[in-house]
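If you want the building blocks of each chain, they are given just below.
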Amino acid sequence: MAGLRADCAGPVLTPEDPSYDEVRRVWNAMHLREPAVIVRCTRTADVRAALRFAAAAGLPVTVRGGGHNVAGTAVADGAVLIDLSLMRQVVVEPGERVAHAQGGVLLRDVDAATTPHGLACPAGVVSHTGLAGLALGGGYGWLARKWGLTCDHVLAAEVVLADGSVVETAQHPDLLWALRGGGGNFGVVTRFTLRLREAGPVHHRAGLYPFDDAVAALDQYARFAEAQGPDQHAVGCLKIASDEDWIPVGLRRTPVLALTSVWLGEPADGPAANAALFEPLRPAVSRERVLSYAQLQALGDHSEPHGHRYYTKSCYLGDLPSAGLAAACADIRSPWSAIDFEYLRGAILDLPDAESAFPGRDAPYICTVSAHWLDPAQDAENIAWARASIAGVAEPGRGGAYVNYLQDEPDGKVLDVYGDVRYAKLAEVKARYDPANVFRANQNIRPHSQQPV
Ligand SMILES: Cc1cc2nc3c(=O)[nH]c(=O)nc-3n(C[C@H](O)[C@H](O)[C@H](O)COP(=O)(O)OP(=O)(O)OC[C@H]3O[C@@H](n4cnc5c(N)ncnc54)[C@H](O)[C@@H]3O)c2cc1C
């Protein structure tokens, strides 16, 4: 341990350290684990030292970017936790429309650095999520239909491989391909180079429908969303309404359908473009605002705080199963749980398979059932609700899923997500860069010598 501490510029924590208990925590309180050692890396050399130490000690490793993976893959009992949460620097080259982000940045770190230049990297909708896990697995968000996924914007990366060597993807195009959607299977990314897009203020409109109107409004949503071009992004959520001031008293704490439309085109066209989602069936209440991109990105922050208990199930859909979605909402077990769905397509379809490992680009819809509660005594009923709800909406025979939302899946799910051909190619890349499967605390791609899971 003394050698590891001497090799690292950042703190090295063991269970005796006063800060260990706080630092080991991840976003989902369901995954309170006891790593043997936490290496709080502050530079690439610390990552190398952590890998050397783990190999010499015969310990497994886990890697934490933002700590938001719902399955808690960033932490494991008895492992060496390579914690990148102190590596959060972002450097923007506005003229080049490029940002260089360290491996532990949160989405909000990227937004804070890029939005003063009127630029953004398309990313997820909760700004305390880690960029690394999100980008390596794909990255859906408000700008995806207009510009593509977050992984499509990874131009290059610095990666520490399992053997401790440091490589740049410019010399390893197969590695870059795998990092765009293949998850954290290939090494520790210490720096991403990201393509940036123009991102100005957006027009945003949200409306709430009482539960009795949910099925008709869901059908209206589907007709609207499927007819839009890439400047329009509309999402929906079935949930229990909160007590916020703008919500009529009669709707508060009742099941509702929330629909939201964001217009990313000419600002003057925003009000009319977004109003069309809410016609002819009008919501009980709606509000419209012009938001900066950074404000848009932070809208979801309060609803999914750190330290609560979460269990998520997700699937792709060809059509929106309005009745099944409404039934899942009627049975909801916790006032914080939600069923989210969105129509995808647009620029997500643009990147060819030869340029990224991300599967499922042609999926029309993604639906995510998020159980969210506080009391461990309610684990079983909330998990059961999420499982039953996803079973009630999933389309028999439609395979695949979004890798970043996988959790306690049956054997074969990772193979199902990527499909035989893509999985085989990923396994070849894995065998080249991590033949001993050191990076296996993830949705694991096994080296081609091993059986797929
Ligand atoms: C509140 C919330 C909102 C979300 N919203 C969205 C969304 O809008 N769009 C979307 O697409 N997804 C979204 N997600 C899912 C998100 O993409 C995944 O949870 C993702 O794993 C989070 O990344 P992280 O770095 O925070 O994860 P972590 O838990 O830190 O890491 C997860 C895994 O990623 C790998 N990893 C992390 N950092 C590195 C690194 N630097 N190098 C190599 N491997 C690494 C490791 O395998 C690790 O096990 C959301 C999740 C949450 C909890």
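It should be emphasised that the depicted structure is a prediction, and the values quoted were computed from it without experimental measurement. (Residues numbered from 1 in each chain as written. Predicted model: local features only at pLDDT ≥ 70, side-chain atom pairs only at ≥ 80, totals over all residues. Heavy atoms only, no water.)

### Re the overall build of the protein chain
Applicable threshold: Secondary structure elements are taken from DSSP: a helix is a run of H or I of four residues or more, a strand is a run of E of two residues or more, and numbering for both begins at the N terminus. A radius of gyration in this sense is built from C-alpha atoms; the matching globule rule multiplies 2.2 Å by the number of residues raised to 0.38. Exposure is judged per residue with a 1.4 Å probe applied to protein chains only, and the accessible area is read against the type maximum: over 50% gives exposed, under 20% gives buried, and values in between give partly exposed. Every residue pair with non-hydrogen atoms within 4.5 Å of one another is taken to be in contact. Reported accessibility uses the Shrake-Rupley method at a 1.4 Å probe radius. Residues are deemed covered only where the shown protein chains occlude them. All tallies of charge rest on Lys and Arg as positive and Asp and Glu as negative; His and the ends of each chain are not included. Taken as the charge centre is NZ of Lys, CZ of Arg, CG of Asp or CD of Glu, depending on the residue.
Check the secondary structure of the protein chain and you find 13 helices and 18 strands. Computed over its C-alpha atoms, the radius of gyration of the protein chain comes to 22 Å, within 12% of the 22 Å expected for a compact globule of 453 residues. The principal-axis extent of the C-alpha atoms belonging to the protein chain is close to 65 × 55 × 45 Å. Looking at the protein chain as a whole, 56% of its 453 residues are labelled buried. Intrachain contacts of the protein chain at a sequence separation of at least 6 include 71% that bridge at least 24 residues. Taken as a whole, the protein chain presents about 17800 Å² of accessible surface, with 52% of it coming from carbon and sulfur. Averaging the positions of the 40 positive and the 52 negative side-chain charges in the protein chain gives two centres separated by 2 Å.

### Focus on the packing of helix 11 (residues 322-330) against helix 12 (residues 379-393)
What counts here: All axes here are fitted lines through C-alpha atoms, helices being fitted over the stretch that makes contact, and every angle between N-to-C directions spans 0 to 180 degrees. Roughly parallel here means an angle under 35 degrees, roughly antiparallel means over 145, roughly perpendicular means 65 to 115, and every remaining angle is called oblique. Note on convention: the crossing is left-handed when the near helix lies turned anticlockwise from the far helix by less than a right angle, right-handed when the turn is clockwise.
Two elements in contact, helix 11 and helix 12, have axes whose closest approach is 8 Å; the angle formed by their N-to-C orientations is 165°. It follows that helix 11 is roughly antiparallel to helix 12 by the angle criterion. Helix-helix and strand crossings are classified by hand; for helix 11 and helix 12 the assignment is right-handed. Here Gly-324, Leu-325 and Ala-328 of helix 11 lie close against helix 12, whose contacting residues are Trp-385, Ser-389, Gly-392 and Val-393.

### A short note on the site of the ligand
Note the cut-off: Residues are classed as near a molecule or strand on a simple rule: at least one heavy atom within 4 Å of it. For this analysis, a polar contact is any N or O atom pair within 3.5 Å, provided that within protein one partner can donate a hydrogen and the other can accept it, and provided that sequence-adjacent residues contribute only side-chain to side-chain pairs.
Surrounding the ligand, one finds 33 residues, the nearest of these being Gly-65, Gly-67, Thr-73, Tyr-140 and Tyr-402. Here an oxygen atom of the ligand sits 2.9 Å away from a polar atom, N or O, in the main chain of Asn-69. Contact between the ligand and Tyr-140: a nitrogen atom at 2.7 Å from a main-chain N or O atom of the residue. Considering the ligand on its own, with 950 Å² of exposed area, one finds that the protein chains cover 96% of that surface. Those elements giving two or more residues to the shell around the ligand turn out to be strand 3 (61-64), helix 5 (131-137) and strand 10 (188-195).

### A short note on the sheet that holds strand 8 (residues 154-160)
As a reminder of what qualifies: Two strands make a pair as long as DSSP finds a minimum of two bridges between them.
Spatial ordering of the open sheet is given by 5-6-10-8-9, a layout of five strands whose pairing is antiparallel. A single partner strand is all that each edge strand has here, and the edge strands are strand 5 (90-93) and strand 9 (166-168). Taken pair by pair, the neighbouring strands of this sheet meet at an average axis angle of 15°, ignoring direction. Note: strand 5 against strand 6 (residues 98-102), four bridges, orientation antiparallel. Bridging across to strand 6, Val-92 finds its partner in Ala-99. Its contacts with the sheet put helix 3 (residues 44-57) on strand 8, strand 9 and strand 10, and the angle it makes with strand 8 is roughly 50°.

### Re the domain arrangement of the protein chain
Under the convention used in this document: Domain start and stop points were drawn from an automatic or database domain assignment. The buried area of a pairing is the accessible area, by a 1.4 Å probe, that goes missing from both parts when the two are put together, added over both.
Each domain of the protein chain was delimited in the assignment, giving domain 1 (2-83), domain 2 (90-198) and domain 3 (202-405). One C-alpha centre belongs to domain 1, the other to domain 3, and the line joining them spans 34 Å. Contact with domain 1, which involves seven residues of that partner, is made by 13 residues of domain 3. Buried surface at the junction of domain 1 and domain 3, summed over both partners, amounts to about 810 Å²; 60% is from carbon and sulfur atoms. Per-residue buried area on domain 1 facing domain 3 is highest for Trp-27, Met-30 and Val-70; these three make up 68% of the total on that side.

### Quick word on helix 11
As a reminder of what qualifies: The arc in question is the one spanned by the directions pointing from the helix axis to the C-beta atoms.
Within helix 11 the residues assigned to the buried category are Ser-322, Leu-325, Ala-326, Ala-328 and Cys-329. Down the axis of helix 11, the buried set is contained in an arc of 155°. They therefore lie on one face. When the buried face of helix 11 is taken as reference, the exposed residues oriented beyond 90 degrees from it are Ala-323 and Ala-330. On its buried face, helix 11 sits against helix 8 (214-227), strand 13 (232-240), strand 14 (255-263), strand 17 (338-343), strand 18 (365-373) and helix 12.

### Side note on the packing of aromatic side chains
Rules: Ring geometry is summarised as follows: Phe, Tyr and Trp rings, the Trp one being its six-membered ring, pair when their centres sit within 6.5 Å, and such pairs are stacked at plane angles under 30 degrees, edge-to-face over 60 and tilted between the two.
Going through the model one piece at a time under the given rule, you end up with seven aromatic pairs. Residues Tyr-221 and Phe-341 carry aromatic rings whose centres are separated by 5.2 Å and whose planes lie at 80° to one another, so their mutual orientation is edge-to-face. Note that Tyr-221 is positioned in helix 8 and Phe-341 in strand 17, a separation of 120 residues in sequence. Of the residues examined, Tyr-221 reaches a relative accessible area of 0% and is grouped as buried.

### Things to note about the pattern of salt bridges
Opposite charge on two side chains permits pairing when their charged atoms draw close. To keep things clear, this is the line we draw: Criterion for a salt bridge: a side-chain nitrogen of Lys or Arg within 4 Å of a carboxyl oxygen of Asp or Glu.
Using the criterion set out here, one finds 29 salt bridges in the structure. Measuring nitrogen to oxygen at the nearest pair gives 2.8 Å for the salt bridge that ties Asp-46 to Arg-43. One connected set of salt bridges, linked through shared partners, spans Lys-313, Arg-387, Asp-408 and Glu-409.

### Examining the sheet that holds strand 13
If you walk across this open sheet you meet the seven strands as 15-12-14-13-17-18-16, and the pairing is antiparallel. In this open sheet, the two edge strands, each paired with only one partner strand, are strand 15 (285-291) and strand 16 (309-317). In this sheet, neighbouring strand axes are inclined to one another by 15° on average, regardless of whether the strands run parallel or antiparallel. Pairing of strand 12 (residues 202-210) with strand 14 involves eight bridges; the strand directions are antiparallel. Across the sheet, residue Gly-207 finds its bridge partner in strand 14, namely Leu-259. Against the sheet, helix 8 engages strand 12, strand 13, strand 14, strand 17 and strand 18, with an angle of about 160° to strand 13.

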